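What follows is the residue order along each chain.
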Amino acid sequence: MCETIVGRRVAVLAERDFEDLELYYPLLRLKEAGAEVKVVGLAGPSYLSKHGYPVNVDLTIDQARPEDFDAVVIPGGWAPDFLRRSQAVCTFVRHMWEMGKVVAAICHAGHVLVSAGILPGRTVTCVAAIRDDVVNAGAKYVDQEVVVDGNLITSRTPSDLPAFCRAIMRALS
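Report on the accompanying structure. Everything numeric here is computed off the predicted structure, so don't read it as measured data.

1. Description of empty space enclosed by the protein
Stage number 1. Inspection of every chain in the model, using the stated rule, returns one cavity of 30 Å³ or more.
Stage number 2. Computed from the structure, the largest cavity encloses a volume of approximately 40 Å³.
Stage number 3. As for the largest cavity, its lining consists of Ala 105, Ile 106, Cys 107, Ala 109, Gly 110, Leu 113, Val 124, Thr 125, Cys 126, Val 134, Thr 154 and Ser 155.
Stage number 4. At the level of elements, strand 7 (102-106), helix 4 (110-116) and strand 11 (152-155) are the ones that each hand at least two residues to the lining of the largest cavity.
Stage number 5. When its residues are assigned to classes, the lining of the largest cavity shows eight nonpolar, four polar and no charged.

In structure tokens form, the structure reads like this:
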């Protein structure tokens, strides 16, 4: 299956201590399929992953506009705990979701969905460590590799990345 998403624009959120695979796997896979991918951070110019790998920021969250993107990907790691504290990030994610654009979150990225206020009534998955958080935010939790609920796509851990990226690509094609 060789889907192409040429012309689609995707924001990948970044902050310090992101999970390496959960940022780089979607970023590279989406680029490979023809999407224009921008790394969006709180400030920049770069962040280090949990394992010390850098990623350069293309735009700050104050420069990013939801109307300029078709999707946002939120990687896990410890980065979501920093991202969720930013009102600008929460507003960006909430507006993407309200506009019917793809919002994709993996692992601990469910914390951003909680803080953005988009989980009530949604069915999602996430890393087991934050299951209670998403349930308390009003979501129904299921333990499976990927869950698609409308324009919301969620996965649990790095081992789910192939299914996670396939779901994002399907949603964008």
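Now that the structure has been shown, the text picks up again.
2. With respect to the sheet that holds strand 11
Stage number 1. Across the sheet, seven strands lie side by side as 5-2-1-6-7-11-10; this open sheet has mixed pairing. Strands with a single pairing partner mark the edges of an open sheet, and in this sheet they are strand 5 (59-60) and strand 10 (146-149).
Stage number 2. In terms of strand pairing, strand 1 (residues 9-14) meets strand 2 (residues 36-41) through six bridges, oriented parallel. Counterpart to Val 10 in the pairing with strand 2 is Val 37.

3. Overview of the pattern of salt bridges
Stage number 1. Inspection of every chain in the model, using the stated rule, returns 12 salt bridges.
Stage number 2. The shortest N-O distance in the salt bridge between Lys 50 and Glu 19 comes to 3.3 Å. Within this pair, whereas Lys 50 is found in the loop between strand 3 (46-48) and strand 4 (54-56), its partner Glu 19 is found in the loop between strand 1 and helix 1 (20-32), the two being separated by 31 residues in sequence.
Stage number 3. Residue class for Lys 50 comes out partly exposed when judged on its relative accessible area of 36%.

Basis of the calculations
- Residues numbered from 1 in each chain as written.
- Predicted model: local features only at pLDDT ≥ 70, side-chain atom pairs only at ≥ 80, totals over all residues.
- Heavy atoms only, no water.
- 1 Å grid on protein atoms, 1.4 Å probe; cavity = no way out; pocket = protein on both sides within 12 Å on 5 of 7 lines; lining within 4 Å.
- Points joined across faces, edges and corners; volume = space filled by probe spheres on them.
- Helix = DSSP H or I, 4+ residues; strand = E, 2+ residues; numbered from the N terminus.
- Nonpolar A, V, L, I, M, F, W, Y, C, P; charged D, E, K, R; others polar.
- Pairing = 2+ DSSP bridges.
- Salt bridge = Lys/Arg side-chain N within 4 Å of Asp/Glu carboxyl O.
- Buried < 20%, exposed > 50% of the residue type's maximum accessible area, 1.4 Å probe, protein only.

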